[in-house]
Amino acid sequence: STQVKVMIPKLDEYIGALRNYPKIAAPILQKAITRAIIEISGFTKKITPIRTGRLRGGFQTQVSSLTATLFNPIEYAEAVHEGTRPHAIYPVARKALYWSGADHPVKSVMHPGSKGNPFMQKGLDDAQNKVITIFEDALKDITEKIADSTK
């Protein structure tokens, strides 16, 4: 039988560089994740509905090892994002509800529900191209650093 022997120059260096991949990649990916969540947050804040400013100002991010989370702890954020079903509203501080223009105080009213405004999903969608670019750049950086480590 005929055999062909292929010699790969610097094969040991390449194998060593690939073994170091986690040490090389992790800080670059962490930086990309942090940049991405900042971008997503910015896009999301721009389109968040504003009445008092609390919802728009309530965003928080948490960044940890190779993860990042954007959330809004304002108590009505989910209701604005997801919408609400019809529901009864009862007085909290008094025995009856009354507002300017009402004929008389009432014990409860029926809220018709509200349509959701998925502002967080829209913000993520709007940021998608920027986030893709951030991770493409990170991948190039990782590849270059691995290649440089074999020189």
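Source: prediction; values computed, not measured.

A.B. asks: Which parts of the structure should I look at to understand the overall build of the protein?
C.D. replies: Summing up its helical and strand segments, the protein has five helices and six strands in all. Helices (α) and strands (β) of the protein occur, in sequence order from the N terminus, as α-α-α-β-β-α-β-β-β-β-α. Seen through its principal axes, the protein has C-alpha atoms that stretch 100 × 35 × 25 Å. Buried positions account for 23% of the 151 residues belonging to the protein. Pairs at least 24 apart in sequence give 63% of the contacts found in the protein among residues at least 6 apart. Of the accessible surface of the protein, which amounts to about 11,400 Å², a share of 56% is contributed by carbon and sulfur atoms.

A.B. asks: Whenever I open this one, the pattern of salt bridges confuses me. Can you help?
C.D. replies: A side chain with one charge can pair with a side chain of the opposite charge if their charged atoms come near. Tallied over the entire structure, the rule returns two salt bridges. The shortest N-O distance in the salt bridge between Arg54 and Glu75 comes to 3.0 Å. Placement of the pair is Arg54 in helix α3 (residues 54-57) and Glu75 in the loop between β2 (67-71) and α4 (77-82), with a sequence separation of 21 residues. Take Arg54: its relative accessible area is 40%, and that puts it in the partly exposed class. In this structure, Asp141 engages Lys145 in a salt bridge whose closest nitrogen and oxygen atoms are separated by 3.4 Å.

A.B. asks: Would you mind showing me how to read the packing of aromatic side chains here?
C.D. replies: To describe a pair of aromatic rings, one takes the distance between the centres and the angle between the planes. This model, assessed by the stated rule, comprises one aromatic pair. Between Phe59 and Phe119 the ring centres are 6.2 Å apart and the planes differ by 80°, which places this aromatic pair in the edge-to-face class. Here Phe119 lies in helix α5 (residues 119-148) and Phe59 lies in the loop between α3 and β1 (60-64), a separation of 60 residues in the sequence. Each member of the pair Phe59 and Phe119 is classed as buried. Here the guanidinium or amino end of Lys46 rests over the ring plane of Phe43, the centre of that ring lying 5.4 Å away.

A.B. asks: Looking at this model, I keep getting lost on the packing of helix α2 (residues 21-47) against α5. Mind explaining?
C.D. replies: Relative orientation and spacing of two packed helices are given, respectively, by the angle between their axes and the distance between those axes. Contact pair α2 / α5: the axes reach a minimum separation of 8 Å and the direction vectors enclose 160°. As summarised for this structure, α2 and α5 are arranged roughly antiparallel, according to the angle between their axes. Like other packed secondary-structure pairs, α2 and α5 cross with a definite hand, here right-handed. For the contact of α2 with α5, the per-class residue count stands at 21 nonpolar, two polar and seven charged.

A.B. asks: Would you mind going over the pairing of β2 with me for this structure?
C.D. replies: Here five bridges tie β1 to β2, and the two strands are oriented antiparallel to one another. Counterpart to Gln60 in the pairing with β2 is Phe71.

A.B. asks: Any chance you could explain the layout of surface pockets here in plain terms?
C.D. replies: Leftover empty space is mapped by rolling, across the atoms, a probe with the size of a water molecule. Of the voids in this model, the largest pocket is the one considered here, and its volume is about 320 Å³. The wall of the largest pocket is formed by 13 residues, among which Pro49, Arg51, Leu55, Tyr76 and Val80 lie closest to the centre. Counting residues per element, the ones that place at least two in the lining of the largest pocket are α3, α4 and β6 (114-115). Residue composition of the lining of the largest pocket, grouped by class: six nonpolar, four polar and three charged.

A.B. asks: I would appreciate a short explanation of the environment of Trp99 in the present structure.
C.D. replies: The residue Trp99 is located in the loop between β4 (87-89) and β5 (109-111) in this model. For the pair Trp99 and Arg35, spaced 64 residues apart in sequence, the C-alpha separation works out to 47 Å. Setting aside its immediate chain neighbours within four residues, Trp99 contacts Val106 and Val109.

Reading guide: rules and limits
- Residues numbered from 1 in each chain as written.
- Predicted model: local features only at pLDDT ≥ 70, side-chain atom pairs only at ≥ 80, totals over all residues.
- Heavy atoms only, no water.
- Helix = DSSP H or I, 4+ residues; strand = E, 2+ residues; numbered from the N terminus.
- Buried < 20%, exposed > 50% of the residue type's maximum accessible area, 1.4 Å probe, protein only.
- Contact = heavy atoms within 4.5 Å.
- Areas by Shrake-Rupley, 256 points an atom, 1.4 Å probe, with all protein chains shown as cover.
- Salt bridge = Lys/Arg side-chain N within 4 Å of Asp/Glu carboxyl O.
- Phe/Tyr/Trp six-rings, centres within 6.5 Å; stacked < 30°, edge-to-face > 60°.
- Lys NZ or Arg CZ within 6 Å of the ring centre and 35° of its normal.
- Axes fitted to C-alpha atoms, helices over the stretch in contact; angles between N-to-C directions.
- Parallel < 35°, antiparallel > 145°, perpendicular 65-115°, else oblique.
- Left-handed = near helix turned anticlockwise from the far one by under 90°.
- Nonpolar A, V, L, I, M, F, W, Y, C, P; charged D, E, K, R; others polar.
- Pairing = 2+ DSSP bridges.
- 1 Å grid on protein atoms, 1.4 Å probe; cavity = no way out; pocket = protein on both sides within 12 Å on 5 of 7 lines; lining within 4 Å.
- Points joined across faces, edges and corners; volume = space filled by probe spheres on them.

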